[in-house]
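Secondary and tertiary structure notes
Residues per chain, in single letters:
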Amino acid sequence: MSTVIYISNKQIQVVTASGSGPGAKPRAAYTMASPEGSVINGMIMDPDALAPFIKGFFAHNKLSTKDVSLVVNSSKIAGKRIELPAMSPAKTLEFVAREFNDVTRDDSVPVFFYTNLAVEKGSKIKKAYAESVDAEFIKDYIALFNEAGVSLKGIYSSEGVMIRTIEQSAGKRCKNFVVQVADDNMLTNVLWAEGNFVYYSGQRCFNEPGTEEYMEECVRALSQLTQFMKANQMETPIQNIFVAGIKGLDIDVYRQMVSASRIDATVEWYDCGISQKVGRRFDLTAVLPALAGLFGQDKTNNILTNFNAKKKEKKVDDFWRKSFLLIAAIFVVMLGITIFVNLQKKKTEEELDAVKTYNENPATLMQLGVYDQAVSDIQEGSDRYNSYVNIKNAVETYPIFNEKIREPLERCATGYAEIEITSFDAVAGSLSFTANSERVQDINKFIARIQEEDIFSSVSYSGYSLNGSDNTWNIHVTCILAESAGR
């Protein structure tokens, strides 16, 4: 019996199964809240609280502590999609390490790993999702589970195993789709285009799962993906949207909201293809990140394997470093004796006096002070300029109300409704107005026209009511302006 434990933030997921990999058969699933403040963004903040919690969970549920895999979701793990020539795993790992040369690391030691992506049969090009994490991050988890008495056979990144699991399920049935996976207050979005993995993103949601506000956040994430596709000149639109783990989601309402945002795609629950193995014992979508750790395991994306290899490599490097230092020390001593014997002491003292005189010269010290002040002034000016630019860019993302906003709205209303603009909120991006129509059949035409306008990011239409005073129809509609609208 194998066990997978998934850790990200507040929620911890555990799945037990017989076997591992694509042929695994899940037996049971658990979700529980971690001790308050013990885990933030996948980082262990309070091991003294988390270790006994994990130990108690395994003991209470009588789970084996020997065959356990850990899946971690954290922004501390950097990832990117790469293409490279087909080569051995060792050469591939070297290639991955070079891909992260531009990442600034202080004194930390990186651990590299990757997940193989599907390619056409016979292709000489290899595709992979490469990832990197600091060794100290992994050390904290190893120490935590050692303290809890749990033996880890593997540590995996949530991104890598999730991509691999989606590739083995939805990726074999569809070509252009998005998978949205909820983990408590975190929402993961995975984009597939033309049969290939393209983009992985995660965001924090601030509303209660299942509420209309929460679903609006999910729809906005989809809209951002469509904008990403346009920016990267991806012509084929999203055709399928698969959702998983969203508590209390009314799938029919979500379909309507997605359609209202002008995304023409089918919306359905994600199916990882093992429902027949599990039956109705538990909801697969509620523990998808942990299930991904069960099905997405591979030798190349096991962080623990590469971490242990890095430790062995470091021991060898330390041996040669000590040997080199010993040889260098002997060489320096002998060189010093040779210099002492062959060079004249007087000449050395004269050179030293000349350098000392130059360094202590008032003119030299004055020039050095002027240079230091100039460097400080340049840095201060550069910081101030960058601050101004950042503020300017931030301000320009807010919409403004002008004729560029008024004219399209009035044009949409011409012949269908009478409108009167009442207020504008630049911070919220909301535009409030009253709309009346004499003919009820014109209402939907008016709504359809304003929904087609690019100045609005969303148009929420909730119906109409009869105004008894003049027998006209009041139209209930709220508009949210698009970013930088009116500029």
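One structure accompanies this document, and this report is about it. (Residues numbered from 1 in each chain as written. Predicted model: local features only at pLDDT ≥ 70, side-chain atom pairs only at ≥ 80, totals over all residues. Heavy atoms only, no water.)

Side chains three or four residues apart in an α-helix point the same way, a direct result of the helix having 3.6 residues per turn. With 10 of 11 residues buried, helix α4 (residues 158-168) is to be regarded as a mostly interior element. Taken residue by residue, α4 has S158, E159, G160, V161, M162, I163, R164, T165, I166 and E167 as its buried positions. (Buried < 20%, exposed > 50% of the residue type's maximum accessible area, 1.4 Å probe, protein only. Helix = DSSP H or I, 4+ residues; strand = E, 2+ residues; numbered from the N terminus.)

This brings us to the sheet that holds strand β12 (residues 186-193). Judged by pairing direction, the sheet is mixed, and its 5 strands sit side by side in the order β13-β12-β11-β14-β15 without closing on themselves. Each having just a single partner strand, β13 (196-204) and β15 (266-269) make up the two edges of the open sheet. Between one strand axis and the next, the sheet turns by 20° as a mean value, whatever way the strands run. (Pairing = 2+ DSSP bridges. Axes fitted to C-alpha atoms, helices over the stretch in contact; angles between N-to-C directions.)

Let us now look at a negative patch on the surface. A cluster of like negative charges, contributed by E349, E350, E351 and D353, occupies part of the molecular surface. Considering the arrangement of structural elements, one finds E349 in helix α11 (residues 345-359). (Patch = residues over 30% accessible without salt bridge, like charges linked within 9 Å, V, L, I, M, F, W, Y side chains within 5 Å. Areas by Shrake-Rupley, 256 points an atom, 1.4 Å probe, with all protein chains shown as cover. Salt bridge = Lys/Arg side-chain N within 4 Å of Asp/Glu carboxyl O. Lys, Arg positive; Asp, Glu negative; His and termini not counted. Charge placed at Lys NZ, Arg CZ, Asp CG, Glu CD.)

Once that is clear, we can look at unusual backbone geometry. Peptide bonds are mostly trans, and most non-glycine residues show a negative phi. In this structure, R262 is a non-glycine residue whose phi angle is positive, near 65°. Within the secondary structure layout, R262 lies in the loop between α7 (251-260) and β15. Positive phi values are uncommon outside glycine, yet N471 reaches one of about 55°. In this fold, N471 is placed in the loop between β18 (456-467) and β19 (472-481). Assessed through its relative accessible area of 56%, N471 is described here as exposed.

The next subject is the packing of helix α6 (residues 212-231) against α7. Two elements in contact, α6 and α7, have axes whose closest approach is 10 Å; the angle formed by their N-to-C orientations is 45°. Here α7 runs oblique to α6, going by the angle between their axes. Crossing handedness for the pair α6 and α7: right-handed. In this structure, α6 contributes E212, M215, E216, C218, V219 and L222 to the contact, and α7 contributes V253, Y254, M257 and V258. For the contact of α6 with α7, the per-class residue count stands at 8 nonpolar, no polar and 2 charged. (Parallel < 35°, antiparallel > 145°, perpendicular 65-115°, else oblique. Left-handed = near helix turned anticlockwise from the far one by under 90°. Contact = heavy atoms within 4.5 Å. Nonpolar A, V, L, I, M, F, W, Y, C, P; charged D, E, K, R; others polar.)

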